[in-house]
Amino acid sequence: MGPAADTGHRLNAFRLTEKISTYIPELADRHRTETVSRNLQTLLQEPSLSDPAPVTSRTIHNVSAGAPVHPRFARYFEALASGWTRDTAARLTEAPGVSADNTLQTDLSAVTTTLVSGQLLRTVLHVLEEHRNAGRLAGTDAEARFAHFHHWLTSADGAEHMAKAHGTAYAVARNRARRGARNFMEIIERAVADLPRVAQEFSAVSMSSRLQSIATGAGDNHADGRSVAILTFDDGAKVVFKPRNVQSDTALNSLIDWSNRTGLTTLHTLSALPCGNYGYVEFQESFGWPQAQIENQVRYFDQLGQLTAVLFLLRASDIHFENIISSANGPVVIDTETLLTPIP
């Protein structure tokens, strides 16, 4: 890095730290602010975000031409995602350990289409607004005008415009779709390889179980866009795949098991299988409230108080309604990442 580049780098770092201090005043500690700044700079310097390989008009047109009209552009984004992840989709047909009638192709499409849509929807809507304001939309009603825009968007002219004016956005969308496809394939490979251990830990799964479907987005994203996923097998068994270390789950289970043995609590826990930087957790069906099928409501609220005491003792945070569910055996924490939260 030359002197000029180094000066620019330090200037950008200063500006980023200044903005963090302005817009996130909770990070008042200088060391904490600088740590966040360094992490953000590292993220921004990733090739897939700061210097993506160019996306040509031909690339866009080849994968989007012929996409059916959809009021929210879903078919357009689906066509883009499918074209950009074709190699991974082809590998699914050869994946071992999956059921013959699996839905993994559809599941992969849902994952990558969501990623592409999240990146490009505002861009496409912005271009639609430009066309509307410039009077370029032909048609006697809103539906006809939208169809006209969609026809242009999926044409060679539309692809050329989007590549020139918004090429970076399309390149990032493509990279995110491919990253999502790679992570999806990683889940399959790990689930198949770990089947003996999973079957030993979770009674619902057996060695004859074959992977049927994967539903991602069941929790927070983690390293490199990896997501919590619910794995369903052909015999109906389900387990939760977590792309993070699950030893906090096993630690909480150990504490609650001890508390239950001493008679202090009567809480339910979910089995967990640590596998290094990822793991599996027992799937728990949630019962909605107040229609919950809970025989003894007094017992349920007593357990809720017990669980609150345990979490208070551990200085847990982020225990909101999405991270705790009502089960037939009582309330259960399903996200233990923020146990033992340090005092600032």
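Student: Can you help me understand helix α12 (residues 297-313) in this one?
Tutor: The terminal C-alpha atoms of α12 lie 24 Å apart, and with 17 residues this matches the ideal 24 Å at 1.5 Å per residue to within 8%. Listed in full, the buried residues belonging to α12 are Tyr-300, Gln-303, Gln-306, Leu-307, Val-310 and Leu-311. Down the axis, α12 shows its buried residues gathered within 135° of arc, on one side only. Turned more than 90 degrees from where α12 packs its buried face, Val-298, Phe-312 and Leu-313 sit exposed. Where α12 is buried, its residues contact α11 (247-262), β6 (324-327) and β7 (330-333). Once α12 finishes, Arg-315 follows within two positions and takes phi at roughly 55°, a positive value.

Student: Sorry, what's going on with the side chain of Thr-88 here?
Tutor: As for its placement among the helices and strands, Thr-88 is situated in helix α6 (residues 86-92). If we ignore the near neighbours within four places in the chain, the residues touching Thr-88 are Leu-108, Ala-181 and Met-185.

Student: Explain the nonpolar core here, please?
Tutor: The nonpolar side chains of a soluble globular protein tend to be buried, and buried together. Of all hydrophobic cores here, the largest spans 30 residues; its most connected members are Ile-188, Val-205, Ile-214, Leu-231 and Tyr-280. The residues touching Val-205, leaving out its near neighbours within four places in the chain, are Leu-195, Val-198, Ala-199, Phe-233, Ala-237 and Val-239. Counting 27 residues, the second largest nonpolar core, distinct from the first, contains Ala-81, Leu-128, Phe-146 and Ala-169.

Student: Hey, could you run me through the confidence of the model for the chain in this one?
Tutor: Of the residues in the chain, 80% reach a pLDDT of 70 or more, and the chain-wide mean stands at 85. The weakest mean pLDDT in the chain belongs to helix α3 (residues 47-50) at 45; the strongest belongs to helix α10 (residues 195-201) at 97. Here residues 1-11 is modelled with pLDDT under 50, and outside its nearest four sequence neighbours on either side it reaches 4 contacts, counting other chains as well. A low-confidence stretch, residues 47-51 stays under pLDDT 50, and its non-local contacts, those more than four residues away or across chains, total 10 contacts.

Student: How do you make sense of unusual backbone geometry when you look at a structure like this?
Tutor: Among all residues except glycine, the phi angle is most often negative; among peptide bonds, the trans geometry is most common. Although it is not a glycine, Phe-73 sits at a positive phi angle of roughly 65°. Within the secondary structure, Phe-73 sits in the loop between α4 (57-64) and α5 (74-84). A residue is classified by how much of its surface remains accessible, and Phe-73, at 1% relative accessible area, is buried. One non-glycine residue with positive phi stands out, namely Arg-315, at about 55°.

Student: I keep staring at helix α7 (residues 104-133) and nothing clicks. Help me out?
Tutor: Note: α-helices contain 3.6 residues per turn, so residues at a spacing of three or four share the same orientation. Its 30 residues give α7 an end-to-end C-alpha distance of 42 Å, which sits within 8% of 44 Å, the value for a rise of 1.5 Å per residue. At Leu-120, α7 shows its strongest bend, of approximately 45°. In the segment just after α7, Gly-135 is the residue with positive phi, at about 70°.

How each quantity is defined
- Residues numbered from 1 in each chain as written.
- Predicted model: local features only at pLDDT ≥ 70, side-chain atom pairs only at ≥ 80, totals over all residues.
- Heavy atoms only, no water.
- Helix = DSSP H or I, 4+ residues; strand = E, 2+ residues; numbered from the N terminus.
- Expected span 1.5 Å × (residues − 1).
- Buried < 20%, exposed > 50% of the residue type's maximum accessible area, 1.4 Å probe, protein only.
- Arc of directions from axis to C-beta.
- Contact = heavy atoms within 4.5 Å.
- Core = buried A, V, L, I, M, F, W, Y, C linked by side-chain atoms within 4.5 Å.
- pLDDT = per-residue confidence, 0-100.
- Bend = angle between axes of the 7 residues up to and from the residue.

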